Amino acid sequence: QHQHQHRLSRSGKLSAAASASVSEAAQLPLMIRERDTHYQYTRLTRFRRLLAASPYANEYILAEARVDIPPPVRAEVWAIALDVDAADVAAQYAAIDKDAVTATDHQLDVDIPRCHQYDPLLSSPTGHSKFKRILKAWVAAHPGLTYWQGIDSLSAPFLRLNFNNEARAFGCLAAFVERFLTNFFLRDNSVIMQEHLAVFAHLLVYHDPELGWHLRSMGFEPELFAIPWFLTCFAHVFPLHVIEHLWDTLILHSSAMTLCIAVAILCKLRSTLLSFDFNECILFFSDSPEVDLHSVLALATQFYEETPLSLTARNHSMSSQDPPAPGHTVPPVPVLKSQLVPFLSLHDFRTLYFGPGHNINHNSNNH
C-alpha cells in the first residue's frame, strides 16, 4: 500500500511538472513551440479529442485555437473557424463543371505556374491541376464576381493544407473570401479598395500619429504599397509558412483584423520608416517587409481589442461577420480620403471619454 501511494504521489508530481512545462512553453514564440515535441504532442492530443466531438465541441476548439493550432490539424480547425460544412461543400464541388473551357483559363495558366512555386506540392503537375480545378470551381460558383490576379495566392494556403481534399479547399476559399474580402472581386472594385485604404490610413493615424503623418506628408499613400496586402490578405506578400501562422490569428476574428495587422506591420517598422524619404520607402516596400511575426500579431491583437468600432467600419466591404458600429454612418469615399484624421462615433467618443469601464473592443457583447 505504501509503495502504491508512493507511485501515485510520484505520478501526480510528474503530471504537475508536465502541465507546468506545457504552460511555460505556451508563452514562447510560436516558431519555438512548433519545434517542441512534448508541447506539440500535448496540444495535438487535446485537439484530436475535441475534433472527435465536433460540431458539439466547436466552441472549445476555437478557444484552443486562440492559443495556437498544431500544424497537423490546421486544415480541420480552419474549416471549423470558417463554418465550412464538409458534406455541403463536397456536394457543391462535385456538381460544378471544372473541365469546361472558360474565359479565365488562359489567365489561370499564366498565374498558377508563378504562385508559391517554391512549395513542392503546389509546384508539382498534380498541384497545378488541383489549383486550376479549385479556381475554376470558385469562378463558376460566384457568377457575380470575377477572377482577379491574387485569388490564386488566396487559394494556395487552402490547397497546401487540403491537398487530398479539393472540396474542403474550395469551401474554405469561398468562405474566406466572403468573410474577409466582401465585394473585393467585383468587376469594378475601385470604391471598395479606396474605402479600405482610407480606413487603413485613418487607423494608422489613430495608433501612431507621428508615423501616419510622416508617410502622408511626403505623399507615400497606402495605394503605393498596401493593395496586395489587402487584396490577398498578405498571401501574395509572405511565404506560405508565415501566412499559415498569420491566418491562424486572422481567421478567428472579423475582417477588421486585416487592417490591424497592416497597421501593426508599419508600427513595427516605424523607426526605419521615419528615417526614410519617399524614394527610400518605395524601394523598401518593393520587397516583402521583414518583421517578427510573433510581435506583429501580438500588437495587431492589441489594436483589434482597443480600436473603437467606428474606426474600422466600412460601407462597401462590411462582412456579415463584422459587428456594427452603433450610431455611426460611414461617410462616402471622397470624404473619407479628404479627412486627415479619423472621426469617432458619438457612442465611441463617450466610451473613451468616460473611461475603461465602457468596453469598446470588437469582441464586446455591448456591440
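It should be noted that the structure appears before, not after, this text.
Note that the structure is a prediction, hence the values are computed from the model and not measured.

## A closer look at empty space enclosed by the protein
With the rule as written, the count across this model stands at two cavities of 30 Å³ or more. Estimates place the volume of the largest cavity at around 120 Å³. Lining the largest cavity are Phe200, Ala201, Leu204, Val205, Gly212, Leu215, Arg216, Phe220, Glu221, Pro222, Phe225 and Leu266.

## Side note on the packing of aromatic side chains
For any two aromatic rings, the description comes down to two numbers: the centre-to-centre distance and the angle of the planes. Within this structure, the stated rule accounts for 20 aromatic pairs. Between the aromatic rings of Phe225 and Trp229, the centroid separation amounts to 5.3 Å while the plane-to-plane angle is 75 degrees, which identifies the pairing as edge-to-face. Here Phe225 and Trp229 have matching classes, each one buried. An aromatic cluster of three or more residues is present, and its members are Phe200, Phe220, Phe225, Trp229, Phe230, Phe234, Phe238, Phe276, Phe278, Phe284 and Phe285. The ring of Tyr93 has Lys98 lying over it, and the distance from NZ or CZ to the ring centre is 4.1 Å. We note Lys130 situated over the ring of Phe163; from NZ or CZ to the ring centre the distance is 5.3 Å.

## Quick notes on the packing of helix H8 (residues 125–141) against helix H9 (residues 151–161)
Packed helices, taken two at a time, are described by the angle between their axes plus the distance between the axes. Two elements in contact, H8 and H9, have axes whose closest approach is 10 Å; the angle formed by their N-to-C orientations is 120 degrees. Handedness of the H8/H9 crossing: right-handed. In contact with Gly127, Lys130, Phe131, Ile134, Leu135 and Trp138 of H8, H9 contributes Ile151, Asp152, Ser155, Ala156 and Leu159. Of the residues belonging to the contact of H8 with H9, the class tally is seven nonpolar, two polar and two charged.

## Let's talk about the side chain of Asp208
The topology assignment puts Asp208 in the loop between helix H11 (190–207) and helix H12 (209–217). A polar contact of 2.6 Å, which involves the side chain of Asp208, links it to the side chain of Arg270. Asp208 has contacts with Cys267 and Arg270, leaving out every residue within four places of it along the chain.

## Some words on the side chain of Asp111
In this structure, Asp111 sits in helix H7 (residues 105–111). Under the relative-accessibility criterion, Asp111 is labelled buried at 3%. At a separation of 2.9 Å, a polar atom in the side chain of Asp111 contacts the side chain of Tyr147.

Procedures and definitions
- Residues numbered from 1 in each chain as written.
- Predicted model: local features only at pLDDT ≥ 70, side-chain atom pairs only at ≥ 80, totals over all residues.
- Heavy atoms only, no water.
- 1 Å grid on protein atoms, 1.4 Å probe; cavity = no way out; pocket = protein on both sides within 12 Å on 5 of 7 lines; lining within 4 Å.
- Points joined across faces, edges and corners; volume = space filled by probe spheres on them.
- Phe/Tyr/Trp six-rings, centres within 6.5 Å; stacked < 30°, edge-to-face > 60°.
- Buried < 20%, exposed > 50% of the residue type's maximum accessible area, 1.4 Å probe, protein only.
- Lys NZ or Arg CZ within 6 Å of the ring centre and 35° of its normal.
- Axes fitted to C-alpha atoms, helices over the stretch in contact; angles between N-to-C directions.
- Helix = DSSP H or I, 4+ residues; strand = E, 2+ residues; numbered from the N terminus.
- Left-handed = near helix turned anticlockwise from the far one by under 90°.
- Contact = heavy atoms within 4.5 Å.
- Nonpolar A, V, L, I, M, F, W, Y, C, P; charged D, E, K, R; others polar.
- Polar contact = N/O pair within 3.5 Å; in protein donor to acceptor, adjacent residues only side chain to side chain.

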